[in-house]
Amino acid sequence: MFEIRVICDPADTDRVTSALSETFTTGAVRMYSTRDGGRIRLYVTADHRSEPGPWPMPEEAYALAPSIVREIGWTAQTAADKPFGEDLDREYWLRKAALLDRIALREAEEGALGDAGEVATEAARRLTEYDRAGEGDYHGAPYWPEHPAAVADPRGYVRQEYAHWAKTK
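*Asks:* Just checking my understanding: could you explain the environment of Leu94 for this structure?
*Replies:* Within the secondary structure, Leu94 is located in helix H4 (residues 90-110). When the C-alpha atoms of Leu94 and Arg159 are compared, they prove to be 9.3 Å apart, with 65 residues separating the residues in sequence. Those residues in contact with Leu94, other than ones at most four positions away along the chain, are Leu127, Val158, Glu161, Tyr162 and Trp165.

*Asks:* How do you make sense of the pattern of salt bridges when you look at a structure like this?
*Replies:* Pairs may arise between side chains of opposite charge once their charged atoms sit close together. Tallied over the entire structure, the rule returns 10 salt bridges. When the shortest N-O distance is used, the salt bridge between Asp12 and Arg15 registers 3.1 Å. Taking relative accessible area as the criterion, Asp12 reaches 26% and is therefore assigned partly exposed. Connected through shared salt-bridge partners, Arg90, Asp131, Asp137 and Glu161 make up one network.

*Asks:* Would you mind going over the side chain of Thr121 with me for this structure?
*Replies:* By the element assignment, Thr121 lies in helix H5 (residues 116-133). Residue classification places Thr121 among the buried positions, given a relative accessible area of 19%. When sequence neighbours within four positions are dropped, the list of residues in contact with Thr121 reads Pro154 and Arg155.

*Asks:* When you look at the sheet that holds strand S2 (residues 24-33) in this model, what are you seeing that I'm missing?
*Replies:* Strands in a sheet are paired, the pairing made by backbone hydrogen bonds, and the direction either parallel or antiparallel. Strand order in this open sheet of three strands is S1-S3-S2, and the pairing throughout is antiparallel. Strands at the two margins of the open sheet, each flanked by one partner only, are strand S1 (2-8) and S2. Pairwise comparison of adjacent strand axes, ignoring direction, gives a mean angle of 20° for this sheet. When S1 meets strand S3 (residues 40-48), the two strands line up antiparallel, connected through seven bridges. Considered in S3, the bridge of Ile7 is made with Arg41. Relative to S2, helix H1 (residues 13-23) is tilted by about 155°, and along the sheet it contacts S1, S2 and S3.

*Asks:* Looking at this structure, I do not really get the packing of aromatic side chains. What am I missing?
*Replies:* The geometry of an aromatic ring pair is captured by the separation of the ring centres together with the interplanar angle, meaning the angle of the planes. One pass over the full model with this rule turns up six aromatic pairs. Considering the side-chain rings of Trp55 and Tyr143, the 4.5 Å spacing of their centres and the 50° angle between planes classify their relative orientation as tilted. Of this pair, Trp55 sits in the loop between S3 and helix H2 (58-61) while Tyr143 sits in the loop between H5 and helix H6 (148-152), placing them 88 residues apart in sequence. Look at Tyr143 and you get buried, because its relative accessible area is 8%. Among the aromatic side chains, those forming a connected cluster through ring pairs are Tyr62, Tyr162 and Trp165. Stacked on the ring of Trp74, the Lys or Arg Arg95 has its end atom at 3.7 Å from the ring centre. Directly above the ring of Trp93 sits Arg126, whose terminal nitrogen or CZ lies 4.2 Å from the centroid.

Parameters at a glance
- Residues numbered from 1 in each chain as written.
- Predicted model: local features only at pLDDT ≥ 70, side-chain atom pairs only at ≥ 80, totals over all residues.
- Heavy atoms only, no water.
- Helix = DSSP H or I, 4+ residues; strand = E, 2+ residues; numbered from the N terminus.
- Contact = heavy atoms within 4.5 Å.
- Salt bridge = Lys/Arg side-chain N within 4 Å of Asp/Glu carboxyl O.
- Buried < 20%, exposed > 50% of the residue type's maximum accessible area, 1.4 Å probe, protein only.
- Pairing = 2+ DSSP bridges.
- Axes fitted to C-alpha atoms, helices over the stretch in contact; angles between N-to-C directions.
- Phe/Tyr/Trp six-rings, centres within 6.5 Å; stacked < 30°, edge-to-face > 60°.
- Lys NZ or Arg CZ within 6 Å of the ring centre and 35° of its normal.

By themselves, these are just geometric observations and shouldn't be taken as functional.
Below, the structure is given as structure tokens:
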């Protein structure tokens, strides 16, 4: 455990305390004015966050997912209906990556020797790249797209994001 002291503009106190609580496990924030009265001193007791848990299991991540056949139809129709010159949105890339992950999982379960795993991994990488470059509309908990765990296991990242999306859509 350690203590953090921040001196900041009064308008920045909410943003600073929010960033600290996202990064560390924090206690109560104590606020005092500086001697000149123009800034605020923040004192926070903090501790390192424990390592996030493992990725969601496929059964958990895809519990609310439509059938594979229905998702194939949705992704094909969405791609076909896309107006010329417009990009596909995040929902498309997420659902496509999740679909390909589910196909790869089924292939592995059946002992088939196809390339579905490689295709699913590439689609998952495409989603993480989209999320890195996008508007920040990913869930990102416990792993954001730039996190080393997401880079090492992009299909796990897809499961995390799909599980959150399916519960909140």
